[in-house]
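Tertiary structure, described
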Amino acid sequence: MKLKLKLNGKIYDIEVLQKNNKAVKVKVGDKEFTFQEKEEDIRIAKASFPKRNFSKKEIVAPITGEIAEIFIKKGDFIKKEKKIILLSAMKMENEIISDFEGKVKKILISKNQKVNKGDILVMLE
Amino acid sequence: MKIQRLEKVSSTNALAKKERGEPWTIIWAQEQSAGYGTKKDYWFSPKGGLYFSVILPKTDIDDLQTLTLLAAFIVAKTLKENFALDCFIKLPNDVYINRKKVAGILTENVLSNDTKFSVMGFGLNTNINQFPKDLENTATSLKIELKEQVNNEKILKQIVKGLKKQLKTISQ
């Protein structure tokens, strides 16, 4: 089993090499670690994912910047990968495309408006 | 480094975005009929200048922002090392000599929740003899400053090499 773990911006390649009742051998990058028998020695991280409603079709700003162009209007039906917004940031011009297909329900920004990374720009239905 | 050498294009960045080639493909044109910078500002691109776009590998958007800033330093360093010219960087990424613009860089990305495509375009006023009236007080070229021709291919290769090195460092 191979996994990639992103921690503090760095990506680690993790591979579970061997798993039986007595031991688990895990490779992280080029180093191998073996976890032995006693159950308390094997720490299992309880992963908790933030609650997110994946049924919501929201297009968010991937970077802080200024809205240079809006290519859609309320009521438009847009297809996946359609160009939605041009966001300028530090001389980078970023074409934001849609990850979803749907009808434009709400446009929450206007031209020349400054937005922060993570701000919701457009809502689809 | 795969270089596509072209005579005349509208814009190397526009072509790169349309064709979406492999990472580190270089689109190099001798002339641009519609070269542009930020906010689609016109970039004077006659024969003699150096106009190229570098298709970047998929990179985190924050790293791309850093790379865009570093690109101006790479251009300035290349010009200083080769021609002993004193360059001034107007942040985020224009390069000036004697208070006149000599180079500009524009990164364009296509992204949604992650980066789908990135291209970095470079416009360098290298072997340009003169500028139109509306630009002659704000733009200069290496030929005007040095009074001699420069080797565009050598400059291109050094910039791309610098870019690769910096991207490797910031992506680690």
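Quick note: structure is the one above.
Computed from a predicted model, the values in this text were never measured in an experiment.

Glancing now at helix H2 (residues 61–83) of chain B. All names here are of chain B. With 23 residues, H2 extends 33 Å between its outermost C-alpha atoms, agreeing within 8% with the 33 Å of an ideal straight helix rising 1.5 Å per residue. Maximum bend of H2: about 25°, positioned at Leu-69. All of the buried residues in H2 are Leu-64, Gln-65, Leu-67, Thr-68, Leu-70, Ala-71, Ala-72, Ile-74, Val-75, Ala-76, Thr-78 and Leu-79. Looking one or two residues beyond H2, the residue adopting positive phi is Ala-84, at roughly 55°.

A few words on the environment of Ala61(A). All names here are of chain A. Here Ala-61 shows up in the loop between strand E5 (57–60) and strand E6 (65–70). For Ala-61, a count of 21 C-beta atoms within 10 Å translates into the label buried. Along the chain, Ala-61 and Ile-85 lie 24 residues apart, while their C-alpha atoms are 9.6 Å from each other. Here Ala-61 is in contact with Leu-87, Val-115, Asn-116, Lys-117, Gly-118, Asp-119 and Leu-121, once residues within four sequence places are set aside.

Membership of the largest hydrophobic core comes to 53 residues, with the highest contact counts inside it found for Leu87(A), Phe52(B), Val54(B), Ala71(B), Val75(B), Ile105(B) and Ile159(B). Top element by residues in this core is H2(B). It accounts for 9 residues. Excluding residues that lie within four positions of it along the chain, Ile105(B) makes contacts with Thr68(B), Ala71(B), Ala72(B), Val75(B), Asn93(B), Met120(B), Gly121(B) and Phe122(B).

Calculation criteria
Residues numbered from 1 in each chain as written. Chains lettered and ligands numbered in written order. Predicted model: local features only at pLDDT ≥ 70, side-chain atom pairs only at ≥ 80, totals over all residues. Helix = DSSP H or I, 4+ residues; strand = E, 2+ residues; numbered from the N terminus. Expected span 1.5 Å × (residues − 1). Bend = angle between axes of the 7 residues up to and from the residue. Buried ≥ 20, exposed ≤ 12 C-beta atoms within 10 Å, placed from the backbone. Contact = placed C-beta atoms within 7 Å. Core = buried A, V, L, I, M, F, W, Y, C linked by C-beta atoms within 7 Å.

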